[in-house]
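Chain by chain, the residues run as shown.
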Amino acid sequence: LFRSLKSSSYSSNTHFVPSFDPAMAVLLRSTALCLLAATPAAQQVGTHVAEEHPEMPLWECDAAGCTKETKSVVMDSNWRWVHNGQYTNCYKDGDWDKTLCPDPETCAQNCHLDGAGVKEYADTYGIKASGNGLTLDFVTKTEYGGNYGSRVYLMDNEREYKMFHLKNREFTLTVDMQRMPCGLNGAVYFVEMEQDGGAASSGGSNAAGAMYGTGYCDAQCPHDMKFINGEANMLDWNATSDPPVGKYGICCAEMDIWEANSRATAYTPHPCSITGAHRCEGIECGDNEKNQRYDGVCDKDGCDFNNWRMANHSFYGRKVAGEDFTVDSKKKLTVVTQFITHDGTDTGDLIDIRRFYVQEGKAIENSFSSIAGVTGNSVTDQ
């Protein structure tokens, strides 16, 4: 079975939070662009720092063996310095500059997303190439303050995200969770973003594109994205919210491969009723604070498999005196996720998402559910 499945193998080190572009699109539906009317605005590109993407290896494997490719990652646009083309901030301390940003279109015309070099990625944002993987630090201190967390995407080339087609394949990564305590979440997941970061479908209003990490979306329909479809998301902006949020959210299907710390882990598909990245407004966003979580276009809860929640409390965790676990999160761990189709082809219907682990050369089957009404050890179409 394993040899018959094609795979994408990916090695990472500590605190990994990349979100990889769709294949999710292939998992759940066919990809389509969300075409929007062109506007005179443009999400500009700054010139103070040249963009350099940290390198990251990717292995494509089949029955004949594996081929290593050198890819790179890009930081999400929401973390970037946004300024007027000189040195005046368009966005500072959680709010928009009222002069530069009187409305979404003018704001997009006036404001520039700046680049980051490999040094800035490491020293300012804690994103570092590390051997055959990537290290993402949770807290990075600088003389100007601190950066908390990060989000990066795998690139296929300098201007396009890497697209994954997962049906009838497996996806493998190696993680190190030993410094991830309870309360933190190191996440690797697929989302149904556009390959160019939404540049083409914006009708020219997004000049930055994938090279600068634009176009993020997920099944939670986040409202905290500063720019959506090339326009500033500044209408009804609430600077006192944590994080600050705007009127619009941005929704798309999501497949969580690895959400974990050293105490717990889960993998979760989040389907949506829409195709591709969709700017939402009102009830379709499914906002929690409006008690509309289950009324939106995406399944925010998803259908997860969490070993602890499925009543196996000794499968995954930190091995210490008096506590023994089948999978020891204090040691490096290879995570394998398989996407099984009904007829064993790339075009068949997805019927099962299976998980197993490899640690110290030993393959470990996923634990089985022991809670009433839930059977098996995978996520199926049942």
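All values reported here derive from a predicted model rather than from experimental measurement.

S.K.: Just checking my understanding: could you explain the overall build of the protein chain for this structure?
M.R.: When you go through the protein chain residue by residue, the secondary structure sums to three helices and 30 strands. Across the protein chain, every contact between residues at least 6 apart in sequence was considered, and the portion connecting residues at least 24 apart equals 70%.

S.K.: Hey, could you run me through unusual backbone geometry in this one?
M.R.: Where the residue is not glycine, phi is negative for most of them; where a peptide bond is considered, it is trans in most cases. The residue after Asp242, namely Pro243, is reached through a cis peptide bond having omega 0°. Within the fold, Pro243 resides in the loop between β19 (231-232) and β20 (249-251). In this structure, Asp93 is a non-glycine residue whose phi angle is positive, near 55°. Residue Asp93 is classed as exposed on the basis of its relative accessible area, which comes to 72%.

S.K.: I tried to follow the sheet that holds strand β6 (residues 82-83) on my own but got confused; where do I start?
M.R.: Backbone hydrogen bonds hold the strands of a sheet together, and the pairing may be parallel or antiparallel. Pairing is mixed in the open sheet, where three strands are placed in the order β3-β9-β6. In this open sheet, the two strands that pair with only one neighbour each are β3 (44-45) and β6. The pairing of β3 with strand β9 (residues 112-113) spans two bridges and is parallel. By the bridge assignment for β9, Val45 is matched with Leu113.

S.K.: What should I look at first to understand the side chain of Asp76 in this one?
M.R.: When you line up the elements, Asp76 lands in the loop between β5 (65-75) and β6. At 2.6 Å, the side chain of Asp76 forms a polar contact with the backbone nitrogen of Asn78. Residues contacting Asp76, with those up to four places away along its chain left out, are Arg151, Tyr153, Tyr212, Gly213, Tyr216 and Met225.

S.K.: Before we go on, may I ask you to explain the state of the cysteines in this structure?
M.R.: By definition, a disulfide is the covalent link that joins the sulfur atoms of two cysteine residues. Following the criterion strictly, the structure yields seven disulfides and no others. Between the sulfur atoms of Cys101 and its disulfide mate Cys107 the distance is 2.2 Å. One quick way to see it: the torsion about the S-S bond of Cys101 and Cys107 is about 50°, and its sign makes the bridge right-handed. Side by side, Cys101 and Cys107 carry an identical accessibility label, which is buried. Covalently, Cys221 is tied to Cys251 through a disulfide, its sulfur atoms 2.1 Å apart. Here the S-S torsion is close to 120°, and the disulfide linking Cys221 with Cys251 is therefore right-handed. With Cys221 in the loop between β17 (186-191) and β18 (227-228) and Cys251 in strand β20, the pair connects residues that are 30 residues apart, well separated along the chain. Relative accessible area serves as the criterion here: at 1%, Cys221 is assigned to the buried category. For Cys251, a relative accessible area of 0% gives the class buried.

S.K.: Can you help me understand the nonpolar core in this one?
M.R.: Inside soluble globular proteins, nonpolar side chains tend to come together where they are buried. Ile127, Phe171, Ile257, Trp258, Tyr316, Leu333 and Tyr357 are the most contacted members of the largest nonpolar core, which totals 55 residues. Sorting elements by how many residues they give to this core places β17 first, with five residues. Filtering out sequence-adjacent residues up to four positions away, Tyr357 remains in contact with Trp258, Thr265, Asn307, Phe315, Val327, Leu333, Thr334, Val335, Lys362, Ala363, Ile364 and Asn366. Counting 17 residues, the second-largest nonpolar core is a separate cluster that includes Trp96, Cys101, Ala208 and Ala232.

S.K.: It is not clear to me how the pattern of salt bridges should be interpreted in this structure. Could you clarify?
M.R.: As a working rule, side chains carrying opposite charge can pair if their charged atoms are close by. In this structure the tally under the stated criterion is 16 salt bridges. The closest approach of N and O atoms between Arg151 and Asp76, which form a salt bridge, is 3.2 Å. Placement of Arg151 in the loop between β13 (145-148) and β14 (152-157) and of Asp76 in the loop between β5 and β6 is noted, with a sequence separation of 75 residues between them. On the accessibility criterion, Arg151 (12% relative accessible area) is buried.

S.K.: Could you clarify how one ought to interpret the pairing of β14 in this entry?
M.R.: Regular strands place side chains that alternate from one sheet face to the opposite one. Across four bridges, the pairing between β5 and β14 is antiparallel. Across the sheet, the residue bridging to Ser72 is Met155, located in β14. Pairing geometry for β14 and strand β15 (residues 160-161), over two bridges, is antiparallel. Counterpart to Met155 in the pairing with β15 is Tyr161.

S.K.: It is not clear to me how the packing of aromatic side chains should be interpreted in this structure. Could you clarify?
M.R.: What characterises a pair of aromatic rings is the spacing of the ring centres plus the angle enclosed by the ring planes. On inspection of all chains with the given rule, the structure shows 14 aromatic pairs. On the basis of an interplanar angle of 75° and a centroid distance of 6.1 Å, the ring pair of Trp258 and Tyr316 is categorised as edge-to-face. One end of the pair, Trp258, is in strand β21 (residues 254-260); the other, Tyr316, is in strand β25 (residues 316-317), and 58 residues separate them in sequence. What makes Trp258 buried here is its relative accessible area of 1%. Seen from the ring of Tyr216, Arg151 lies directly overhead, with NZ or CZ sitting 3.7 Å from the centre.

S.K.: I tried to follow the environment of Val82 on my own but got confused; where do I start?
M.R.: Along the polypeptide, Val82 turns up in strand β6. A residue is classified by how much of its surface remains accessible, and Val82, at 4% relative accessible area, is buried. C-alpha of Val82 to C-alpha of Gln44: the two residues are 38 residues apart in sequence and 9.3 Å apart in space. In contact with Val82, other than residues within four places in its own chain, are Thr88, Asn89, Cys90, Tyr91, Cys111, His112, Leu113 and Phe227.

S.K.: Explanation requested: the pairing of strand β27 (residues 333-341) in the structure shown.
M.R.: Of all nine residues that make up β27, nine are buried, and the element is covered over most of its length. Pairing geometry for strand β16 (residues 169-176) and β27, over seven bridges, is antiparallel. Paired with Arg169 across the bridge in β27 is Phe339. For β27 and strand β28 (residues 350-359), the ladder comprises eight bridges, and the chain directions are antiparallel. Opposite Phe339, over in β28, you have Ile353 as the bridge partner.

Scoring rules and cut-offs
- Residues numbered from 1 in each chain as written.
- Predicted model: local features only at pLDDT ≥ 70, side-chain atom pairs only at ≥ 80, totals over all residues.
- Heavy atoms only, no water.
- Helix = DSSP H or I, 4+ residues; strand = E, 2+ residues; numbered from the N terminus.
- Contact = heavy atoms within 4.5 Å.
- Buried < 20%, exposed > 50% of the residue type's maximum accessible area, 1.4 Å probe, protein only.
- Pairing = 2+ DSSP bridges.
- Polar contact = N/O pair within 3.5 Å; in protein donor to acceptor, adjacent residues only side chain to side chain.
- Disulfide = S-S within 2.5 Å.
- Core = buried A, V, L, I, M, F, W, Y, C linked by side-chain atoms within 4.5 Å.
- Salt bridge = Lys/Arg side-chain N within 4 Å of Asp/Glu carboxyl O.
- Phe/Tyr/Trp six-rings, centres within 6.5 Å; stacked < 30°, edge-to-face > 60°.
- Lys NZ or Arg CZ within 6 Å of the ring centre and 35° of its normal.

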